[in-house]
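Listed below are the residues making up each chain.
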Amino acid sequence: NDSLLTNLISAVNPISSSINYLSDSSGAITCISSICSQKMIENAPLTYASSKAALDRYVKNSAFYLAKKNIRINAVSPGNVFFNGSVWEKKMVQNKAGVLKMLKEKVPLNKFVLPDDIAEAVAFLSSPLSRSTTGQILSVDAGQLINWLIIYLKKYCNIIHFRYFKIFAGLPPIRQFDGNFLFTR
């Protein structure tokens, strides 16, 4: 229940209370979500991930109704954020080699997200530069979400059949037929 209050209701209540004001000013709302709302991330608390997934759904669904009042709503979905006092700072002190290995294996840009990265995404989504953007979840994760499928397929699949993809996971197609490619490792 605490996770729902902290991660969903704490956004929904002020948004609901401010709709009249925001409609008068053509407002923009930007919520903070998490990449664990979009996929299972090992060691992410289940209640946290589920409440952030509910927030994502709220953003997407409410965008339709809020647009009729000239209000935009989006969310920023950070990956692993490093800052003083963060869990990642503690993990770096405890096991720097393990954390660097995780970044290398699971984060294509091989780095943490910084608070400024998130602030810049929020500023963009809240600005006139994104005046036509609503109902979107913008991942700021150094590429972590795009990497999970490749990691999974490399680890667990021997043969992959993909339609209309010429290159996948750096593997050359071993056979092409009718726009289909068969990959193997």
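Everything below is about the structure printed above this text.
What you see is a predicted model; the values in this text were computed from it and never measured. (Residues numbered from 1 in each chain as written. Predicted model: local features only at pLDDT ≥ 70, side-chain atom pairs only at ≥ 80, totals over all residues. Heavy atoms only, no water.)

(A) Here's a closer look at helix α4 (residues 115-126). The end-to-end C-alpha distance of α4 is 16 Å, a good match for the 16 Å that 12 residues give at a rise of 1.5 Å each. Next to the buried residues of α4 lie β1 (28-32), β2 (72-78) and β3 (137-140). (Helix = DSSP H or I, 4+ residues; strand = E, 2+ residues; numbered from the N terminus. Expected span 1.5 Å × (residues − 1). Contact = heavy atoms within 4.5 Å.)

(B) Main features of the sheet that holds β1. Pairing is parallel in the open sheet, where 3 strands are placed in the order β1-β2-β3. Two strands in the sheet have a free side with no partner beyond their single neighbour: β1 and β3. Strand-to-strand, the axes of this sheet are offset by a mean angle of 25°, without reference to chain direction. Relative to β2, β1 is paired through 5 bridges, and the arrangement is parallel. Paired with Cys31 across the strands is Ala75, a residue of β2. Where helix α2 (residues 46-67) meets the sheet, it contacts β1, β2 and β3, and its direction lies at approximately 160° from that of β2. The strands touched by α4 within the sheet are β1, β2 and β3, with β2 carrying the most contacts at an inclination of about 165°. (Pairing = 2+ DSSP bridges. Axes fitted to C-alpha atoms, helices over the stretch in contact; angles between N-to-C directions.)

(C) Fine view of helix α3 (residues 87-106). Spanning 20 residues, α3 covers only 17 Å between terminal C-alpha atoms, well under the ideal 28 Å at 1.5 Å per step. Along its length, α3 reaches its greatest deviation from straightness, about 120°, at Asn95. Along α3, the positions that sit buried rather than exposed are Trp88, Met92, Val99, Met102 and Leu103. (Bend = angle between axes of the 7 residues up to and from the residue. Buried < 20%, exposed > 50% of the residue type's maximum accessible area, 1.4 Å probe, protein only.)

(D) Quick peek at the nonpolar core. If you look at the biggest cluster of nonpolar residues, it comprises 15 residues, and the most contacted ones within it are Ile15, Ile29, Cys31, Val59 and Ile73. When residues of this core are traced back to their parent elements, those giving at least two are α1 (2-24), β1, α2 and β2. A total of 5 residues in this core trace back to one element, the largest contributor, which is α1. (Core = buried A, V, L, I, M, F, W, Y, C linked by side-chain atoms within 4.5 Å.)

(E) Examining the packing of aromatic side chains more closely. Using the criterion set out here, one finds 3 aromatic pairs in the structure. Centre to centre, the rings of Phe82 and Phe112 are 5.2 Å apart; their planes meet at 35°, and the pair counts as tilted. Linking Phe82 in the loop between β2 and α3 with Phe112 in the loop between α3 and α4, this pair joins segments that are 30 residues apart in sequence. With relative accessibility at 24%, the residue Phe82 sits in the partly exposed group. A cation sits over an aromatic face here: Lys91 above Trp88, 4.5 Å from the ring centre. (Phe/Tyr/Trp six-rings, centres within 6.5 Å; stacked < 30°, edge-to-face > 60°. Lys NZ or Arg CZ within 6 Å of the ring centre and 35° of its normal.)

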